[in-house]
Amino acid sequence: MCCWFFLRRMGPVLLLWLAVCLSGSWAVDKGNFKTCDQSAFCKRQRAMKPGESPYRALLETMELTNTRLTLQLINDNNKVRLLLELYRLQGNITRVKINELKPLKPRYEVPDVLIREPPTEPLSLLSQDENGVVLSLGAESQRVIVSARPFRLDIVEGRDVLMSLNSRGLLSFEHLRMRKDTFSYKVTSTVASVWDNIKRVFSSQADPEAENKEGTDPANPAETVKEEEEKVEDGMWEETFKSHTDSKPSGPSAISLDFSLPGVEHVYGIPEHADTLKLKTTDSGDPYRLYNLDVFQYELYNPMALYGAVPVMLAHNTQRTMGIFWLNAAETWVDISSNTAGKTVFGKMLDYVQGSSETPQTDVRWISESGIIDVFLMLGPTPRDVFSQYASLTGTQAFPPLASLGYHQCRWNYNDQEDVRSVDAGFDEHDIPYDFIWLDIEHTDGKRYFTWDPHKFASPKEMLQGLLDKKRKMVAIVDPHIKVDTNYKIHNEIRSRGFYVKNKDGGDYEGWCWPGNAGYPDFTRPDMRAWWASQFGYDQYEGAMENLYTWNDMNEPSVFNGPEVTMHKDAMHESWEHREVHNLYGLYVHRATAEGLTERSGGVERPFVLTRAFFAGSQRYGAVWTGDNAAEWDHLKISIPMCLSLGLVGISFCGADVGGFFKSPSTELLVRWYQTGAYQPFFRAHAHLDTPRREPWLFGPENTALMREAIRQRYTFLPYWYQLFYLAYHTGEPVMRPLWVEYPQDPATFALDDEYLLGRDLLVHPVTEEGARGVTAYLPGKHEVWFDIHTFQKHNGGQNLYIPVTMSSIPVFQRGGSIIPRKLRVRRSSTCMEHDPYTLYVALDNQRTAEGELYIDDGHTFNYEKKELIHRKFSFANGVLSSVDLEPNAQFTTKSWVERIIILGASKPSMVTLKTADGENQLEFDFDASMSVLTIRKPGMNVGADWTVTLQ
């Protein structure tokens, strides 16, 4: 949500802010956000030339223990020493840390993102000489080669270099220093200079070669720093952007490191950007920026920063998948270059014909404003291995309540309790299921969160009880900016406890947001987070009930009158500047809120919290969405690669505002967006306050029917969605995934981002072109088959298939060899369907086999952790369909049964028999010879039992 409505309400006093936010149109004003040239540290770092690295490794300082290697690096230009730490971690991960050996004060190291201190495995020294050292990484002849002059680190497997660090010589580490124009610095530097001269005289008398050595006492490397020779550039000690000045009390502290990836042409990840799935080279423009910002109606297909930042990149080719996790929460820029960028398909073919020996290579450079270098190299080799490796570091997607996988109805804002009642009744009247209705900021008492407007929402429990009676739920927004008002309990408690972020002068930091003047709680503090969590308790949050959940918006944090619409970098979080923690802020808000929803039930109920800002690890706390999009076809299209990118870095619970937040969609666009959203993980319609109402029944009976059908399809697949999220929770595998994840050796899949897979078994190619009469979908797998889920038409894999479409078409295919359980009795909400029967869709492969799974629990508590669940495996082979228990020690029962089995690609049997613990009996069936579809009716067995169905 942007600052438009706030400014309109605040009147002429803030007309200037209106101009800043809107700039005359509903579009991003790029002038409000920095380019690399306007970010002093990015500009400095980007000016470095490759191949001129001043760093070398001091091999005589190497120490090798069973768990790590340490080694000092020296910058030959200024004699500053760094400490390199290298760890071999369990699961084929290598960790590299670089920090100043003895900084003037501690540099920030990101806490709370890793789920634990990663367990290590032994390192062993293979060889060493004056040029470097070789270490064994254990697995499959993997080695680390550390070269001394210049410093370089290569990870090698057999004869292949998997990845190189500092191979282009772009390592940079701006050491902390005293400012030259201060008295203290002059005294310090003068004393140091005199002391250096004294030592030099005496040491040269004892050792005539001493002047040719590296300097002085390695235990006090600060004495060797030649700061008088270092150039002071604009923006190192103070930086101004528009009307805002960053005081930079610690001076320059930027870090950077380059990575080379031989054999790689495709890299992905580093969300959030409104761009293609495959990341582009940045040689001719800005790097990709990672800096959480409230960007008003963002522009597409550029590297501008958006609401969230996950500093994880995946690299993929036909032989291997790898990942780079750059653990740094400061403003970060990522440059990408490639030796094959810009070559046409013809050019690449010509290289092949002419026998060009140039190996494709992608080079990546990470640049951060501060902190240390702490990077995890996830060496795969398969996509699933990388997902598992990253999950072992930052955790997996939170397992959501089943209802949150249903449909969500939202707008800014439903006006009052009567409006909520009317919209709720409208869904029943038009036979459209939904699970959650949402309230935006207008539900509060004057933008005071944890409150209700006393006139419009005078009886919140009555409203919530009305929803609960229909087994539905509500989400209310709680933003992290707090109205400065001495009559507001939340503000008074935060201020009295000293929990607000401070400004550089020590006072409470304040800025403009929805309530007007607002304070910003310091969520980096554990005691602040614990207090915040307590405010969701039923004894604190007046009007709350168990079916009220939470939405955290504006948590980048958004500060309307701040630099780049966010917090000043020199604001203080206790002893740390905001610049160090900026990208963590949204994660901490999300975490504290999720913990509050869990604690209010005594740890029994799973929370549901939606966040706009996020970082690595945010997947542990709930869902995200792609922010303030627009009702435009290109925004519909971009929702696919944006969510695919998030899934690759662990955040599976992703969606986009159906219909677009800004502007008003055409009826065609709205229908197509419902059809797309129904097959994306988080399914919510949302709209701006100034747009016309757009509930699904307001566009005529024909379009209502189309949107109803899309939503109903979503509900039939809820068992499959739930199983996929259970798998994501256990493994880190994305729910919504690019085709190359399942077909890693098929180059035709590597850049596809207009279609995707849900799990392994559903391929979705939404219609995202205006006026489309057909789409072309790539069906992967040369030896596989795919079945249209609507017509049951069978198609061979390994082809581009043209599919004629009408307005009712949603091209979705089930993979041959899979079994997908569905519930076809769609009711008003997912909870109403809890005990309903299942239909099993068995799609046979070319070997006439298939398998799948079904997961069931109570849908809302953490009792699955106590093995209160059902997890079944279905298999079809040799004419027998069987169900076996994957969790034989689990304790859970269900009333649901199997009411139908549909086998695609079948032959007609003469008889079908069911065998259970109660005996054996024959089943009725129909066979459609034209489509080779066998339908077995009313088998009737409990879905949680052991059974077999035999075709004879």
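Residues numbered from 1 in each chain as written. Predicted model: local features only at pLDDT ≥ 70, side-chain atom pairs only at ≥ 80, totals over all residues. Heavy atoms only, no water.

Undergrad: Go over the packing of aromatic side chains, please, and point to the residues and values.
TA: Scanning the entire structure with this criterion turns up 50 aromatic pairs. Seen from their ring centres, phenylalanine 653 and phenylalanine 682 are 5.9 Å apart, and the 90° between their planes marks the pair as edge-to-face. With phenylalanine 653 in the loop between helix 13 (633-648) and strand 32 (654-655) and phenylalanine 682 in the loop between helix 14 (667-677) and strand 34 (683-685), this residue pair connects regions lying 29 residues apart in the sequence. For the pair phenylalanine 653 and phenylalanine 682, one class covers both residues: buried. An aromatic cluster is defined as three or more aromatic residues linked by ring pairs; in this entry it consists of Phe436, Trp438, Tyr549, Trp551, Phe608, Trp625, Phe653, Phe682 and Phe725. For the cation-ring pair, arginine 822 lies above tyrosine 841, with the distance from its terminal atom to the ring centre recorded as 4.8 Å. (Phe/Tyr/Trp six-rings, centres within 6.5 Å; stacked < 30°, edge-to-face > 60°. Helix = DSSP H or I, 4+ residues; strand = E, 2+ residues; numbered from the N terminus. Buried < 20%, exposed > 50% of the residue type's maximum accessible area, 1.4 Å probe, protein only. Lys NZ or Arg CZ within 6 Å of the ring centre and 35° of its normal.)

Undergrad: Could you give an account of the sheet that holds strand 17 (residues 321-326), naming the residues involved and the relevant values?
TA: The strand order across the open sheet formed by eight strands is 1-2-3-4-20-17-16-14, and the pairing between neighbours is antiparallel. Each of the sheet's edge strands pairs with one partner strand only, and the pair in question is strand 1 (55-64) and strand 14 (266-269). Each strand axis lies, on average, 20° off the axis of its neighbour in the sheet, ignoring direction. Bridge count between strand 2 (residues 68-75) and strand 3 (residues 81-89): seven bridges; the pairing is antiparallel. Residue arginine 68 lies in a different strand from strand 3, and its bridge partner there is tyrosine 87. Strands strand 3, strand 4 (93-100), strand 16 (312-316), strand 17 and strand 20 (373-378) of the sheet are contacted by helix 6 (residues 383-394), whose axis makes an angle of about 25° with strand 17. (Pairing = 2+ DSSP bridges. Axes fitted to C-alpha atoms, helices over the stretch in contact; angles between N-to-C directions. Contact = heavy atoms within 4.5 Å.)

Undergrad: If you had to explain the pattern of salt bridges to someone new, which residues and values would you point to?
TA: Taken as a whole and assessed by the stated rule, the structure comprises 68 salt bridges. Between glutamate 369 and arginine 579 there is a salt bridge whose closest N-O contact spans 2.9 Å. Note that glutamate 369 is positioned in the loop between strand 19 (361-368) and strand 20 and arginine 579 in helix 11 (residues 578-581), a separation of 210 residues in sequence. Summarising the burial analysis for this pair, glutamate 369 and arginine 579 share the class buried. The partner of aspartate 428 in a salt bridge is arginine 472, with the nearest N and O atoms 2.8 Å apart. (Salt bridge = Lys/Arg side-chain N within 4 Å of Asp/Glu carboxyl O.)

Undergrad: I'd like a rundown of the domain arrangement of the protein, residues and numbers included.
TA: When the domains of the protein are assigned, the result is domain 1 (45-174 + 251-394), domain 2 (405-476 + 526-557 + 578-690 + 718-739) and domain 3 (837-951). Inter-centroid distance (C-alpha atoms) of domain 1 to domain 2 is 34 Å. Every contact between the two is made by 48 residues of domain 1 and, on the other side, 46 residues of domain 2. Summed over both partners, the interface of domain 1 with domain 2 comes to about 3,900 Å²; 59% of that surface belongs to carbon and sulfur atoms. When the buried area of domain 1 at its contact with domain 2 is split by residue, Leu277, Gln297 and Tyr307 rank highest and sum to 16% of it. Taken together, domain 1 and domain 2 are joined by four salt bridges. (Domains from an automatic or database assignment. Buried area = accessible area lost by both parts, 1.4 Å probe.)

Undergrad: An account of helix 8 (residues 460-469) is needed here, citing residue identities and associated values.
TA: If you check which residues of helix 8 are buried, you get Pro460, Met463, Leu464 and Leu467. The buried side chains of helix 8 occupy one side of the element, clustering within an arc of 95° when seen end-on. What points out from helix 8, more than 90 degrees from its buried face, is the exposed set Glu462 and Asp469. Where the residues of helix 8 are buried, they touch helix 7 (417-429), strand 22 (436-439), strand 23 (473-477) and strand 27 (548-552). (Arc of directions from axis to C-beta.)

Undergrad: Hey, could you go over the UniProt feature "domain: Glycosyl hydrolase family 31 C-terminal" (unreviewed entry) in the protein for me, with residue numbers and the actual values?
TA: Residues annotated in UniProt with the feature "domain: Glycosyl hydrolase family 31 C-terminal" (unreviewed entry) correspond here to residues 732-820. End C-alpha atoms of residues 732-820 are separated by 21 Å, and the span's content is 4% helix alongside 38% strand. (UniProt positions renumbered as here; feature names shortened; annotations may be inferred.)

Undergrad: Any chance you could break down the pairing of strand 8 (residues 152-157) for me, citing the residues and the numbers?
TA: For strand 8, the buried fraction is high: five of the six residues fall into the buried class. Where strand 7 (residues 142-147) lies against strand 8, six bridges are found, and the strand directions are antiparallel. Within the sheet, the bridge partner assigned to isoleucine 145 lies in strand 8 and is aspartate 154. Following strand 7, the chain reverses through four residues before pairing antiparallel with strand 8. Across five bridges, the pairing between strand 8 and strand 9 (residues 160-165) is antiparallel. Residue leucine 153 lies in a different strand from strand 9, and its bridge partner there is leucine 165.

Undergrad: Describe the pairing of strand 39 (residues 785-788), with residues and values.
TA: Side chains Val785 and Phe787 project from strand 39 onto one buried face, and the interleaved Trp786 and Asp788 project onto a second face that is buried too. Here three bridges tie strand 39 to strand 40 (residues 794-796), and the two strands are oriented antiparallel to one another. Among the inter-strand pairings, tryptophan 786 is bridged to a residue of strand 40, identified as histidine 795. Counted between consecutive antiparallel strands, the loop separating strand 39 from strand 40 contains five residues, among which phenylalanine 792 sits at a positive phi close to 70°.

Undergrad: Tell me about the packing of helix 15 (residues 701-716) against helix 16 (residues 718-731), and name the residues and values.
TA: One way to put it is that helix 15 packs onto helix 16 with a least axis distance of 5 Å and a crossing angle of 55°. With respect to helix 16, the element helix 15 is oriented oblique. The segment helix 15 lies against helix 16, with Arg714, Tyr715 and Thr716 engaging Leu718, Pro719 and Trp721. Looking at the contact of helix 15 with helix 16, its residues break down into four nonpolar, one polar and one charged. (Parallel < 35°, antiparallel > 145°, perpendicular 65-115°, else oblique. Nonpolar A, V, L, I, M, F, W, Y, C, P; charged D, E, K, R; others polar.)

Undergrad: Can you lay out the state of the cysteines for me, pointing to particular residues and giving the numbers?
TA: Applying the stated criterion to the full structure yields two disulfides. For cysteine 36, the disulfide goes to cysteine 42, at an S-S distance of 2.0 Å. Taking the sign of the S-S torsion, about -100° here, the bridge from cysteine 36 to cysteine 42 comes out left-handed. No difference in accessibility class separates cysteine 36 from cysteine 42, as the two residues are buried. Across the disulfide from cysteine 643 sits cysteine 654; the S-S distance is 2.1 Å. (Disulfide = S-S within 2.5 Å.)

Undergrad: Before we move on, can you summarise unusual backbone geometry with the specific residues and values?
TA: Residues other than glycine predominantly adopt negative phi, and peptide bonds predominantly adopt the trans conformation. Residues arginine 149 and proline 150 are joined by a peptide bond in cis, for which omega reads -10°. Its location among the elements puts proline 150 in the loop between strand 7 and strand 8. Note the cis peptide between tryptophan 412 and asparagine 413, where omega equals 5°. In this fold, asparagine 413 is placed in the loop between strand 21 (407-409) and helix 7.

Undergrad: If you had to explain the nonpolar core to someone new, which residues and values would you point to?
TA: Phe325, Trp532, Phe608, Tyr674, Tyr679 and Leu758 are the most contacted members of the largest nonpolar core, which totals 173 residues. Considering every element that reaches this core, the biggest residue donor is helix 13, with nine residues. Beyond its immediate stretch of four places on either side in the chain, tryptophan 532 contacts Phe450, Val478, Asp479, Pro480, Ile482, Pro521, Phe523, Ala592 and Thr593. Residues Val96, Leu171, Leu290 and Leu379 belong to the second largest nonpolar core, which totals 52 residues. (Core = buried A, V, L, I, M, F, W, Y, C linked by side-chain atoms within 4.5 Å.)

Undergrad: Would you mind going over the environment of aspartate 424 in detail, with residue names and values included?
TA: Its place among the elements puts aspartate 424 in helix 7. In this structure, the C-alpha to C-alpha distance between aspartate 424 and glycine 466, residues 42 residues apart in sequence, is 9.5 Å. Excluding residues within four positions of it along the chain, aspartate 424 makes contact with Tyr434, Leu467, Lys470 and Arg472.

Undergrad: Can you tell me about the sheet that holds strand 33 (residues 657-658), naming the residues and giving the values?
TA: Spatial ordering of the open sheet is given by 32-31-30-27-23-22-21-34-33, a layout of nine strands whose pairing is parallel. Since the sheet does not close on itself, it has two edges, and those belong to strand 32 and strand 33, each with one partner. When strand 27 meets strand 30 (residues 609-611), the two strands line up parallel, connected through three bridges. If you follow asparagine 552 over to strand 30, its bridge partner there is threonine 611.

Undergrad: Tell me about the packing of helix 14 against helix 15, residues and numbers included.
TA: What describes two packed helices is the angle between their axes and the distance between those same axes. Axis separation between helix 14 and helix 15 bottoms out at 8 Å; the angle between their running directions is 10°. As far as their axial angle goes, helix 15 and helix 14 are roughly parallel. From helix 14, Thr667, Leu670, Val671, Tyr674, Gln675 and Gly677 reach across to helix 15, where they touch Asn703, Leu706, Met707, Ala710, Ile711 and Arg714. Looking at side-chain class alone, the contact of helix 14 with helix 15 contains seven nonpolar, four polar and one charged residues.

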